[in-house]
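Read off the chains here:
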Amino acid sequence: MPSIVDKSSVKKVCVDDFALRKRFSYGTVMVDLESHRIIDMIPSRESIDVSRWLATFPNIQTVSRDGASTYSSAATDSHPEAVQVSDRFHLIKGLSEAINKYIIREFPARVEIPLTELISNEMAALYNTANRALRIRFAHKKRKEGLTVSDIALLLHSSPTTIRKYLAIPEDEIPKDRAVSRERQHQLAWQQKQQEVDEARRLAGDRYPIGQTAAMMHHTYKTIQNYLDSDYRVTDGHYNARIPGKLAPYEKDVIELRSQGLTYPQIHTLLCEKGYTGSVESLRMFMQKERSRMREQDEQGKPQPEFIQRKSLCQLIYKKLEDVATITAGQYGQALETYPLLSTLYSLVKEFHTAIFSQKPEKLDAWIESAKKHDIPELQSFVVGILKDLTAIKNGIIYSYNNGLAEGSVNKIKVIKRIMYGRNSFGLLKAKVLFHELFHCEFN
């Protein structure tokens, strides 16, 4: 199908790729930056095809594009004198993704920070009364601290009669704690794995080859290599980590309401009014894990910590603090104090955003020098990419052009494809898209 415009009149364009068949074949669309219309399409995004295609537009002066090397080399080959402008959105997106990857690689799913608020007596009672034995011990402990039977009854949400029965039990007759089945399974698995690691290291000490050790222990060669690594630890650092789910924004509410003596169904009703869509069972499981975690901290003699979701730290790359519901200002400040590098990373993102929209290319040079000081592979890879396309990126700072028109046009093409249920050849798709542009032009 011939083009609907005079190619010699086209001077400023933006180009972007779109999927003909996702993950298999792609095309390229061209949009006129002056008329805001789609002016042509080809069924390829290969550099040589795009270069030949661009060459059929003899008077192109400006090409706005993303950071793909395909379009960079194609524009250079076809129009060496044209001004190439790298899209600012893709630059900020690229840096944000690089920082996001680093945080995911370096931080566990739940990031530990010191407590931002002191635990009240009600909270302490909640954490230390998971079963009858713990409730009895808690009652004895609070009695020694001088609390009355009525005070203890209020903390445990029990009757004074029940508290008196607890206090009447001699301390040496208090029943022992019973670990929950999940903890028992974890302990058993931990012991078995430790025995395997010890056996592999014993065989290595007896000069058995790794391959023979792997065959004897019915493990892969790589597994035995891991066992012999001095840095290998049996317990996964991500154990007890929770994937942020429906309950994440309401965890503090659950703890507070439970400490007030509300039942799980009552808490579920209140949370549903706030937008929670999970189950009552999820509330019970959450509290069970919280109690287990707090008990482990007490047994190890560690100061009681607080946890924030790694996902929240990642969201702060893109959003303001007040727009992230799963982290408070106090937690954010404590996270930055505990992990100073986080503050540096957030500052780098903000400074890059400022430099990109400053219309002063020299600010980008200063940012690059600052970023080079940090030994972060993801960040250094991003900086290398910037240096390879530095001229186009600086043009993106100087000029107001961007790839927004091309991104919107790709969405338009997707809609047209869906209308045709994807049952179309490229020729038919191109004809329909260009006819739509011509129709829109004539009636506006």
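Residues numbered from 1 in each chain as written. Predicted model: local features only at pLDDT ≥ 70, side-chain atom pairs only at ≥ 80, totals over all residues. Heavy atoms only, no water.

### Quick look at the overall build of the chain
Check the secondary structure of the chain and you find 21 helices and seven strands. Counting all 444 residues of the chain, 40% fall into the buried class. Counting only contacts in the chain whose residues sit at least 6 apart along the sequence, the fraction spanning at least 24 positions is 62%. Here the chain has roughly 25000 Å² of accessible surface; of this, 52% comes from carbon and sulfur atoms. (Helix = DSSP H or I, 4+ residues; strand = E, 2+ residues; numbered from the N terminus. Buried < 20%, exposed > 50% of the residue type's maximum accessible area, 1.4 Å probe, protein only. Contact = heavy atoms within 4.5 Å. Areas by Shrake-Rupley, 256 points an atom, 1.4 Å probe, with all protein chains shown as cover.)

### Some thoughts on the packing of helix α16 (residues 340-356) against helix α17 (residues 362-371)
The N-to-C vectors of α16 and α17 enclose an angle of 160°; their axes lie 9 Å apart at closest approach. It follows that α16 is roughly antiparallel to α17 by the angle criterion. For α16 against α17, the interelement crossing comes out left-handed. For the pair α16 and α17, contact is made by L348, E351, F352 and A355 and by K363, L364, W367, S370 and A371, respectively. Its residues assigned to classes, the contact of α16 with α17 shows six nonpolar, one polar and two charged. (Axes fitted to C-alpha atoms, helices over the stretch in contact; angles between N-to-C directions. Parallel < 35°, antiparallel > 145°, perpendicular 65-115°, else oblique. Left-handed = near helix turned anticlockwise from the far one by under 90°. Nonpolar A, V, L, I, M, F, W, Y, C, P; charged D, E, K, R; others polar.)

### Some thoughts on the nonpolar core
Formed by 38 residues in total, the largest nonpolar core has its most connected members in F352 and W367. Sequence-distant contacts of F352, defined by excluding residues within four places in its chain, comprise L91, I92, L95, L364, W367, F382 and I386. (Core = buried A, V, L, I, M, F, W, Y, C linked by side-chain atoms within 4.5 Å.)

### Here we look at α17
Regarding α17, the residues found buried are L364, W367, I368 and A371. End-on view of α17: buried residues confined to an arc of 100°, all on one side of the axis. Buried residues along α17 sit in contact with α3 (88-106), α16, α18 (377-388) and α19 (390-398). (Arc of directions from axis to C-beta.)

### Some remarks on the sheet that holds strand β5 (residues 83-86)
The mixed open sheet is built from five strands, whose spatial order is β3-β2-β1-β4-β5. If you trace the sheet from one side to the other, it starts and ends with β3 (38-42) and β5, each paired once. With direction set aside, neighbouring strand axes in the sheet form an average angle of 25°. Along the sheet face, helix α20 (residues 404-419) touches β1 (12-21), β2 (25-32) and β3 and points at about 35° away from the line of β1. (Pairing = 2+ DSSP bridges.)

### Quick word on the packing of aromatic side chains
Under the defined criterion, the tally for this structure stands at nine aromatic pairs. Taken together, a centroid distance of 4.7 Å and an interplanar angle of 55° make the contact between F352 and W367 tilted. With F352 in helix α16 and W367 in helix α17, this residue pair connects regions lying 15 residues apart in the sequence. On the basis of relative accessible area, W367 is assigned to the buried category, the value being 3%. (Phe/Tyr/Trp six-rings, centres within 6.5 Å; stacked < 30°, edge-to-face > 60°.)

### With respect to the pattern of salt bridges
Inspection of every chain in the model, using the stated rule, returns 13 salt bridges. Across the pair D40 and K430 runs a salt bridge whose closest N-O atoms are separated by 3.1 Å. Here D40, found in strand β3, pairs with K430, found in helix α21 (residues 426-442); they are 390 residues apart in sequence, far enough to count as distant. Taking the relative accessible area as the measure of exposure, D40 reaches 4% and is therefore buried. (Salt bridge = Lys/Arg side-chain N within 4 Å of Asp/Glu carboxyl O.)

Taken by themselves, the reported measurements are silent on function.
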